[in-house]
Amino acid sequence: MANQDDHIETRATRFDSAETGVTDAGDVVSPIHLTTTHEMERPGHSDHGYKYTRFGNPTRDALETRLAQLCEAEYAVAAGSGTAAMAAVCLSVVERGDHIVAFDGIYGGTRRLFEDLLVDSLGATVEYVDATETATVEAAVTDDTTLIWMESPTNPLLHLCDFAAIADIASTVNATYIVDNTFATPYFQRPLEHGADAVVHSTTKYLNGHSDSMGGAVVTNDQAIAEAVTHTQAYHLGGTLAPFDCYLTLRGLRTFPLRMERHEANATEIATYLDDHPAVVRVNYPGLPDHPQHTLAQEQMDGFGGIVSFELDATEAETRAVLEELDVFTLAVSLGGTESLVDHPATMSASYLSKKERKAAGIPGSLVRIPVGIEHIDDLLADLDQALANL
């Protein structure tokens, strides 16, 4: 059995059946409990604690325990997707008419959720600010602010925010402070250590790591938040993670630390290569010394992640043509799998934003995002070299 004193590499690999409330059969891998319902010993009572899988499942319990351990948190709640996790925590802490302050660089899907669910349905107001400057967050927060939502690094421009400084701001008005940590993962940063009240992850990405399971999670040290999210998930949304997807995520977590090391090593090499390429106007990667927030990244991160984005000295049509020439990089949305992907945000991952919204977000037609996989670095560099040769 792993404990919080073990290194993350050890915590990622260990399974203890005692933590799920099921009989210990000596399993070294969590079994998949596919049942939707459980027998009770007498009406209304179950010695093993399970009755219906929406309310609790041993495989999901095993995953939530593992996620909490990896994030150095007390509680974790698994959800059917990253968006489901965001919806559950938002509906657990936001009430009608509340004021919310959010990073203007947050994932476009998060912004859409805020506008459709919190603004249009709940009548909340959301103020988007450039959180790379802590002063802008402080200026936006009022006594009516109940939620501060940050994402760092952001998608796709990899901007950062100062976790500890924003935590201090949140505490002055007793606002709930939530961070989307999908890009960095708990391997490279743990916002709870810097004052966040809760952290959300799309486990679809690096935590699962194999592009074969969708999921999300909310992790926290706050019992009230954990209980509220659990209740919202089970009784209102029904968006709990299915047992088989829990198993797949547990499977992926066994190699999570090893994968993250390789993702970062490859991303660093590629960012350096692109930074020197004559066809590249700008590279966004916190690990580069000329990234405007490189010093902050060094202070609050244990590494710089596996995502690189860059702008080409090219038109949108020329940029799209370059991406079609890539062979090792797969042209697809999402990120965090073992394979390297390439994404044209303007027509792919950010396509549901209007042209005006994309311009305001700093997403031009020449922007490229590459979630770097774990292939051999020489093959990745050679593929980029041949695709960029004609620019």
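Residues numbered from 1 in each chain as written. Predicted model: local features only at pLDDT ≥ 70, side-chain atom pairs only at ≥ 80, totals over all residues. Heavy atoms only, no water.

As recorded by an unreviewed UniProt entry, the protein chain carries the name Aminotransferase class I/II-fold pyridoxal phosphate-dependent enzyme and is attributed to Halobacterium sp. NMX12-1. Here the protein chain is described in UniProt, under the heading Cofactor (unreviewed entry), as follows: "pyridoxal 5'-phosphate". (UniProt positions renumbered as here; feature names shortened; annotations may be inferred.)

S.K.: I'm lost on a nonpolar patch on the surface in this one. Help?
M.R.: The grouping of Ile32, Leu34 and Phe244 at the surface amounts to a nonpolar patch, some 280 Å² of accessible area in total. The residue Phe244 is located in helix α9 (residues 243-253) in this model. For Phe244, a relative accessible area of 41% translates into the label partly exposed. (Patch = residues over 30% accessible without salt bridge, like charges linked within 9 Å, V, L, I, M, F, W, Y side chains within 5 Å. Areas by Shrake-Rupley, 256 points an atom, 1.4 Å probe, with all protein chains shown as cover. Salt bridge = Lys/Arg side-chain N within 4 Å of Asp/Glu carboxyl O. Helix = DSSP H or I, 4+ residues; strand = E, 2+ residues; numbered from the N terminus. Buried < 20%, exposed > 50% of the residue type's maximum accessible area, 1.4 Å probe, protein only.)

S.K.: Please explain helix α3 (residues 82-93) as it appears in this structure.
M.R.: One turn of an α-helix holds 3.6 residues; hence residues three or four places apart share an orientation. Counted at 1.5 Å a residue, the expected span for α3 with its 12 residues is 16 Å, and the 17 Å between its end C-alpha atoms agrees. Of all 12 residues that make up α3, nine are buried, and the element is covered over most of its length. Where α3 is concerned, the buried positions are Gly82, Ala84, Ala85, Met86, Ala87, Ala88, Val89, Cys90 and Val93. (Expected span 1.5 Å × (residues − 1).)

S.K.: Just to check I follow, could you spell out the environment of Pro186 for this structure?
M.R.: In this structure, Pro186 sits in helix α7 (residues 185-188). With a relative accessible area of 0%, Pro186 lands in the buried category. The spacing of Pro186 and Pro243 is 57 residues in sequence and 23 Å in space, taken between C-alpha atoms. If we ignore the near neighbours within four places in the chain, the residues touching Pro186 are Ile8, Leu70, Cys71, Asn181, His201, Leu207 and Phe256. (Contact = heavy atoms within 4.5 Å.)

S.K.: How should I be thinking about the packing of aromatic side chains in this particular structure?
M.R.: Two measures describe an aromatic ring pair: the distance that separates the ring centres and the angle between the ring planes. The final tally for this structure, using the stated rule, is seven aromatic pairs. Where Phe244 meets Tyr247, the ring centres are 5.9 Å apart and the plane angle is 35 degrees; that geometry is what we call tilted. You can see Phe244 and its partner Tyr247 sitting in helix α9, three residues apart, about one turn around the helix. Judged by relative accessible area, which is 25%, Tyr247 ranks as partly exposed. Across from the ring centre of Phe55, 5.4 Å away, lies the NZ or CZ of Lys51, which sits over that ring. (Phe/Tyr/Trp six-rings, centres within 6.5 Å; stacked < 30°, edge-to-face > 60°. Lys NZ or Arg CZ within 6 Å of the ring centre and 35° of its normal.)

S.K.: In this structure, what is going on with the nonpolar core? I would like to understand it.
M.R.: As a rule of thumb, soluble globular proteins bury nonpolar side chains together. Formed by 111 residues in total, the largest nonpolar core has its most connected members in Trp149, Met150, Tyr177, Ile270, Leu274 and Ile370. Considering every element that reaches this core, the biggest residue donor is α3, with eight residues. Once residues lying within four places of it in the same chain are set aside, the contact partners of Tyr177 are Ile148, Met150, Asp162, Phe163, Ile166, Ala167, Ala170, Gly195, Ala196, Asp197 and Ala198. Among the nonpolar cores identified, the runner-up in size contains five residues, and Leu157, Leu353, Ile363 and Leu367 belong to it. (Core = buried A, V, L, I, M, F, W, Y, C linked by side-chain atoms within 4.5 Å.)

S.K.: For this particular structure, what's the right way to read the pairing of strand β7 (residues 216-220)?
M.R.: The side chains of a regular strand alternate, first on one face of the sheet and then on the other. Within β7, five of the five residues are buried, which leaves it mostly tucked inside the rest of the structure. What you see with β7 is no split at all: Gly216, Val218 and Thr220 on one side and Ala217 and Val219 on the other are buried throughout.

S.K.: Hey, could you run me through the sheet that holds strand β8 (residues 280-284) in this one?
M.R.: What links the strands of a sheet is backbone hydrogen bonding, and the strands pair in either a parallel or an antiparallel sense. Within the open sheet, the three strands sit side by side as β8-β9-β12. Their pairing is antiparallel. Where the open sheet ends on each side, the last strands, each with one partner, are β8 and β12 (367-371). Averaged over all adjacent pairs, the angle separating strand axes in this sheet is 20 degrees, with direction ignored. Here strand β9 (residues 307-312) pairs with β12 via five bridges, running antiparallel. Within β12, the position partnered with Ile307 by the bridge is Pro371. (Pairing = 2+ DSSP bridges. Axes fitted to C-alpha atoms, helices over the stretch in contact; angles between N-to-C directions.)

S.K.: I would appreciate a short explanation of the pattern of salt bridges in the present structure.
M.R.: Any two side chains of opposite charge can pair, given that their charged atoms come close. This structure, assessed with the given rule, holds seven salt bridges. For Arg251, the salt bridge is made with Asp212, and the minimal N-O distance between the two is 2.9 Å. In this pair, Arg251 sits in helix α9 while Asp212 sits in the loop between β6 (198-201) and β7, placing the two residues 39 residues apart along the sequence. Look at Arg251 and you get partly exposed, because its relative accessible area is 28%. Residue classification places Asp212 among the partly exposed residues on the basis of a relative accessible area of 37%. A single network of salt bridges, built from pairs that share partners, joins Arg190, Glu193 and Asp302.

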